[in-house]
Amino acid sequence: MKSIYSIKTRILAALICTIALYVIFVIGSVTPVDINTAQDMVKEFRDLVAGIDSAFDIFLNNFTISLLMAIPAIGVIIGGWIVYNTGLIISSFASLEGISVALLLFLPIITVYGVLEFIGYGTMMSESILLIYAIRRKGLRAELKILPMIILISAGVLGLAAVIEFSLLAFTQSIGV
C-alpha cells in the first residue's frame, strides 16, 4: 500500500499529537474545579469504574474515543475536549482526596498503560490531521487504504494498555485500595 506520507512523517505526527494530548491533559489536571463540580465528576467517574468488568470494557471505551479522534478536523477538537475533561477528573480527585496532582499524573506513566493510551490516541489524532492534508493533496484514496492498518495498530496499543490497566485495577481492589 502506497501512502502519500512516509513512515517518518507518520511517527512524527503521532508523537506531536501524543505530546499535545498529554499537555492538554496536564492543563486540565491543574485547572481548579469548584467543590460541587469536583464531587459530581468523581461520583460519575466512580460509577463508570464500578461498571468495568473486564479489560475489554476499558478497551472498548478507549478504542471508541480513539475512533472519534480520527475524524478529520473535528477529531482533534473531540480528542482535546475528552483529554482535558479527563484532566479535570484528576484535578477533582486531587482536591477532594488531598492527593498530589503530580502523583496522579505520574502514576499512569510509571505503570505504562497511560503512555500506551496516549500513544494510541496520538496515533489516531494524527490520522485526523493527515486525512485533512490527504484531502487537500488529492491523496484521500491512498490514505483510506492505509487507514485500516493505522486503526489496527492503535487498537493493538490500546488493547495492551487496557489489559495492564484492568490488571492494576483488579490488583488494587484485591488489596483494598
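Residues numbered from 1 in each chain as written. Predicted model: local features only at pLDDT ≥ 70, side-chain atom pairs only at ≥ 80, totals over all residues. Heavy atoms only, no water.

Draft legend 1. Quick peek at the overall build of the protein. Secondary structure assignment for the protein yields seven helices and zero strands. Secondary structure elements of the protein, listed N to C terminal, follow the sequence α-α-α-α-α-α-α. In terms of overall size, the protein behaves like a compact globule, its C-alpha atoms giving a radius of gyration of 17 Å where 177 residues would be expected to give roughly 16 Å. The principal-axis extent of the C-alpha atoms belonging to the protein is close to 55 × 30 × 25 Å. Scored against the burial criterion, the 177 residues of the protein give a buried share of 39%. A separation of at least 24 residues holds for 85% of the contacts in the protein among residues at least 6 apart in sequence. For the protein, the exposed area adds up to about 10,000 Å²; of that, 73% sits on carbon and sulfur atoms. Computing the positive centroid from 10 side-chain charges and the negative centroid from 11, the protein places the two 25 Å apart. (Helix = DSSP H or I, 4+ residues; strand = E, 2+ residues; numbered from the N terminus. Rg over C-alpha atoms; globule rule 2.2 N^0.38 Å. Buried < 20%, exposed > 50% of the residue type's maximum accessible area, 1.4 Å probe, protein only. Contact = heavy atoms within 4.5 Å. Areas by Shrake-Rupley, 256 points an atom, 1.4 Å probe, with all protein chains shown as cover. Lys, Arg positive; Asp, Glu negative; His and termini not counted. Charge placed at Lys NZ, Arg CZ, Asp CG, Glu CD.)

Draft legend 2. Representation of the environment of Gly120 in the model. For Gly120, the position within the fold is in helix H6 (residues 113-136). As a C-alpha pair, Gly120 and Gly176 span 56 residues in sequence and 30 Å in three-dimensional space. If we ignore the near neighbours within four places in the chain, the residues touching Gly120 are Ser154, Val157 and Leu158.

Draft legend 3. Quick peek at helix H7 (residues 140-174). Look at H7: 49 Å from first C-alpha to last across 35 residues, which is about the 51 Å you get at 1.5 Å a residue. In the structure, H7 departs most strongly from a straight axis at Ile146, where the bend amounts to approximately 35° and where the proline Pro148 lies between one and four residues downstream. All of the buried residues in H7 are Glu143, Ile146, Leu147, Ile150, Ser154, Ala155, Leu158, Ala161, Ala162 and Glu165. Looking at the buried residues of H7, the elements they touch are helix H1 (7-29), helix H3 (55-69) and H6. Looking one or two residues beyond H7, the residue adopting positive phi is Gly176, at roughly 80°. (Expected span 1.5 Å × (residues − 1). Bend = angle between axes of the 7 residues up to and from the residue.)

Draft legend 4. Looking closely at the environment of Phe118. For Phe118, the location among the structural elements is in helix H6. As a C-alpha pair, Phe118 and Ser66 span 52 residues in sequence and 9.7 Å in three-dimensional space.

These figures capture arrangement, not role.
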